[in-house]
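Take a look at the letters that make up each chain.
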Amino acid sequence: MTTEHLDVLVIGAGISGIGAARYLLTERPGTTFAVLEAREASGGTWDLFRYPGIRSDSDLQTFGYEFKPWTDPKAIASADKILSYLRETSSEYGVDERIRYQHRVVDAAWSTAEARWTVQVERGDTGERLTLTAGWLFGATGYYDYAEGFTPDFPGRERFAGEIVHPQHWPEDLDYAGKRVVVIGSGATAVTLVPAMVDGGAEHVTMLQRTPTYIMPVPSEDKLANRLLSVFGHDRGYALARQKNILKQRTVWKFCQTFPKTSRTLIRSVNAKFLPEGYDVDTHFNPPYDPWDQRLCAVPDGDLFRAIRKGSASVATDRITSFTETGVLLESGEELAADIIVTATGLNLQLFGGIAISVDGADLHAPDHVAYKGMMLSGVPNLAFAIGYTNSSWTLKVGLLCEHFCRLLEHMETRAYDICVPEAPEGMATRPLLDFAAGYVQRALDTLPRQGDRYPWTMSMSYKEDVRLVRGGDVVDENLRFSRATAGKVAQPV
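The following refers to the structure shown.

Basis of the calculations
Residues numbered from 1 in each chain as written. Predicted model: local features only at pLDDT ≥ 70, side-chain atom pairs only at ≥ 80, totals over all residues. Heavy atoms only, no water. Helix = DSSP H or I, 4+ residues; strand = E, 2+ residues; numbered from the N terminus. Buried < 20%, exposed > 50% of the residue type's maximum accessible area, 1.4 Å probe, protein only. Lys, Arg positive; Asp, Glu negative; His and termini not counted. Salt bridge = Lys/Arg side-chain N within 4 Å of Asp/Glu carboxyl O. Contact = heavy atoms within 4.5 Å. Axes fitted to C-alpha atoms, helices over the stretch in contact; angles between N-to-C directions. Left-handed = near helix turned anticlockwise from the far one by under 90°. Nonpolar A, V, L, I, M, F, W, Y, C, P; charged D, E, K, R; others polar. Phe/Tyr/Trp six-rings, centres within 6.5 Å; stacked < 30°, edge-to-face > 60°. Lys NZ or Arg CZ within 6 Å of the ring centre and 35° of its normal. Patch = residues over 30% accessible without salt bridge, like charges linked within 9 Å, V, L, I, M, F, W, Y side chains within 5 Å. Areas by Shrake-Rupley, 256 points an atom, 1.4 Å probe, with all protein chains shown as cover. Pairing = 2+ DSSP bridges. Core = buried A, V, L, I, M, F, W, Y, C linked by side-chain atoms within 4.5 Å.

Next up on the list: the side chain of Arg 22. Inspection of the secondary structure puts Arg 22 in helix H1 (residues 15-27). Despite its burial, Arg 22 pairs with no opposite charge; the closest candidate is Glu 27, at 4.6 Å N-O. With near-sequence residues (within four places) excluded, Arg 22 lies in contact with Phe 67, Tyr 93 and Val 95.

What follows is the structure in structure tokens.
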């Protein structure tokens, strides 16, 4: 039986995978490829997570694709609207026809002699095992473990008589109307859940945090962006709104990095304005770190603060001693009564969706490799991946990487190259892949690749620089080695 061979296998049909497929279809129409999706539906994060209120924490003018205008009035959008946008994009550009659902990639083995990946796939619907081969793998799996979220070991957990829920596995039939809820956490998920559960009828929702997070109210509608669309039309208006928001994101981040004390003061004053008079802002909304050492949490139209003002929600800043039969006992001695406890305690990072990867028989050990242009790994041939920004919209970076990937394929085809592998300079100093203090990043640093101390071995977090270097720069430099191979023969360097 002949094994199917494709030029590219895109792994994952979320926002990155759909985007990558669209770029391949438009920029590389002769390239054969498929998108393998382990689940039975597209959309990735926006289809998987079902907790109340799930929404973007970036404006859709920049979180959306550059080639597909976001036309909904809401700039901070709910998951159902984002999912509809992604699936409309997928249908409009013919990506749907390339997606193979319930195809979970188990392992991928590279052979230099054959210049191809051999990929083992498990069918979720039939249990069948398939083998595919490909010239390239494009990992569009994000960097979260979507099978299991992070939950600390809470003493006394088994004693709690109510229901304990992690947002990543939200029960469809969970009834919280009239219930007392404790949400453990202070990140984007927690600040989304609290007002949403209040609006959904919970009696009272308490956000229990060990450490405060910077939280800023933002308008759910971008009036200027909507005005630009109405005046200039969808394409031109969207492009202008997108550039406006890219500049705004960068300006805010740069200001916070340059003037952390002033930024802290400004954020605190905004929080105090939105909270009840006399509220203890410094205990509950004044983090010990500087702004943008971790990602700022946006709350559309100040919904979290509104729930606190109504008295339907509250914030407790303390450490947990143990769960009890009826709630959570804190180190201060206070016990928070709860019928439901939600552990919004974060996610686990996982590279390449947990796929077992090997190169010429040697298992890939990610920390031994250095990221090249934020899209390939040193010493690993024909493997690209998409990781977005942590200080602005994820998709801004992914779009540039997809463009660059298509240009790289064009270069290789033109010169009849089969293999492309980055080679890191000998003795180059390295540092963690992500310079980000968030807990989910810090917990996983020893499992991730590294980054170097110079371009193109750094994980750039500047869209402006990446437009110049990734979009405008050459695909070839002294760090890339190209070669040709014929099946059964050793690859010959060029």
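Resuming the write-up.
Running from amino to carboxyl end, H1 crosses helix H10 (residues 394-414) at an angle of 35°, the nearest separation of the two axes being 9 Å. Every pair of crossing elements has a handedness; the one defined by H1 and H10 is right-handed. Between H1 and H10, the residues in contact are Ile 15, Ser 16, Gly 19, Ala 20, Tyr 23, Leu 24 and Glu 27 and Trp 394, Thr 395, Val 398, Gly 399, Cys 402, Glu 403, Phe 405, Cys 406 and Leu 409, respectively. Residues of the contact of H1 with H10, tallied by class, amount to 10 nonpolar, four polar and two charged.

Before going further, it helps to spend a moment on the packing of aromatic side chains. Tallying each qualifying case throughout the model produces 20 aromatic pairs. Measuring from ring centre to ring centre gives 5.2 Å for Trp 70 and Tyr 85, while their planes differ by 70°; the resulting arrangement is edge-to-face. Note that Trp 70 is positioned in the loop between helix H3 (60-63) and helix H4 (79-92) and Tyr 85 in helix H4, a separation of 15 residues in sequence. The interplanar angle of 50° and the centroid separation of 5.6 Å between the aromatic rings of Phe 285 and Phe 305 together place this pair among those described as tilted. In this pair, Phe 285 sits in the loop between helix H8 (281-284) and strand S11 (297-300) while Phe 305 sits in helix H9 (residues 303-310), placing the two residues 20 residues apart along the sequence. Sitting above the plane of the Tyr 23 ring, Arg 22 keeps its charged end 5.0 Å from the centroid. Over the ring of Phe 67 we find Arg 22; its NZ or CZ atom is 3.9 Å from the centre of that ring.

What follows is about a nonpolar patch on the surface. Together, Phe 255, Phe 259 and Leu 266 line one region of the surface with nonpolar side chains, adding up to about 280 Å² of accessible area. Residue placement: Phe 255 occurs in helix H6 (residues 223-258). Among the residues examined, Phe 255 registers a relative accessible area of 34% and is labelled partly exposed.

With that settled, the discussion passes to the environment of Leu 383. Its location among the elements puts Leu 383 in strand S21 (residues 383-385). Sequence separation of Leu 383 and Gly 139 is 244 residues, and the distance between their C-alpha atoms is 7.7 Å. Leave out the neighbours within four places in its chain, and Leu 383 touches Trp 117, Trp 136, Leu 137, Phe 352, Ile 357, Met 375, Met 376 and Leu 377.

With that out of the way, let us pick up unusual backbone geometry. Here Tyr 455 and Pro 456 are connected by a cis peptide whose omega angle stands at 10°. Its location among the elements puts Pro 456 in the loop between strand S24 (450-451) and helix H12 (463-471). A positive phi is found at Ala 115, a non-glycine position, where the angle reads about 55°. Looking at where Ala 115 falls in the secondary structure, it is placed in the loop between strand S4 (103-111) and strand S5 (116-123).

Reading across the sheet, the three strands line up as S13-S14-S15 and stay open at both edges, with antiparallel pairing between neighbours. The open sheet has two edge strands with one neighbour each: strand S13 (320-323) and strand S15 (335-337). On average, each strand axis in the sheet is inclined to that of its neighbour by 20°, with strand direction left out of account. Sheet topology note: the strand S14 (residues 327-330)/S15 ladder contains three bridges and is antiparallel.

One finds Trp 117, Trp 136, Phe 138, Val 183 and Met 197 to be the most contacted residues of the largest nonpolar core, which totals 130 residues. For this core, the element with the most residues is H10, which contributes 11 residues. Discounting residues that sit within four places of it in the chain, Val 183 has contacts with Ala 190, Leu 193, Val 194, Met 197, Val 205, Thr 206, Met 207, Leu 208, Val 342 and Ala 344. Counting 12 residues, the second largest nonpolar core, distinct from the first, contains Ile 184, Ala 316, Val 328 and Ala 338.

It is worth spelling out the pattern of salt bridges at this point. Overall, the coordinates contain 24 salt bridges when judged by the stated rule. Between Arg 268 and Asp 282 there is a salt bridge; the shortest N-O distance is 2.7 Å. Placement of Arg 268 in helix H7 (residues 260-274) and of Asp 282 in helix H8 is noted, with a sequence separation of 14 residues between them. Classification of Asp 282 by relative accessible area gives partly exposed; the value is 39%. Among the salt bridges present, the one from Asp 453 reaches Arg 454, with a minimum N-O distance of 2.8 Å. Take Asp 453: its relative accessible area is 42%, and that puts it in the partly exposed class. You can call Arg 454 partly exposed: its relative accessible area is 39%.

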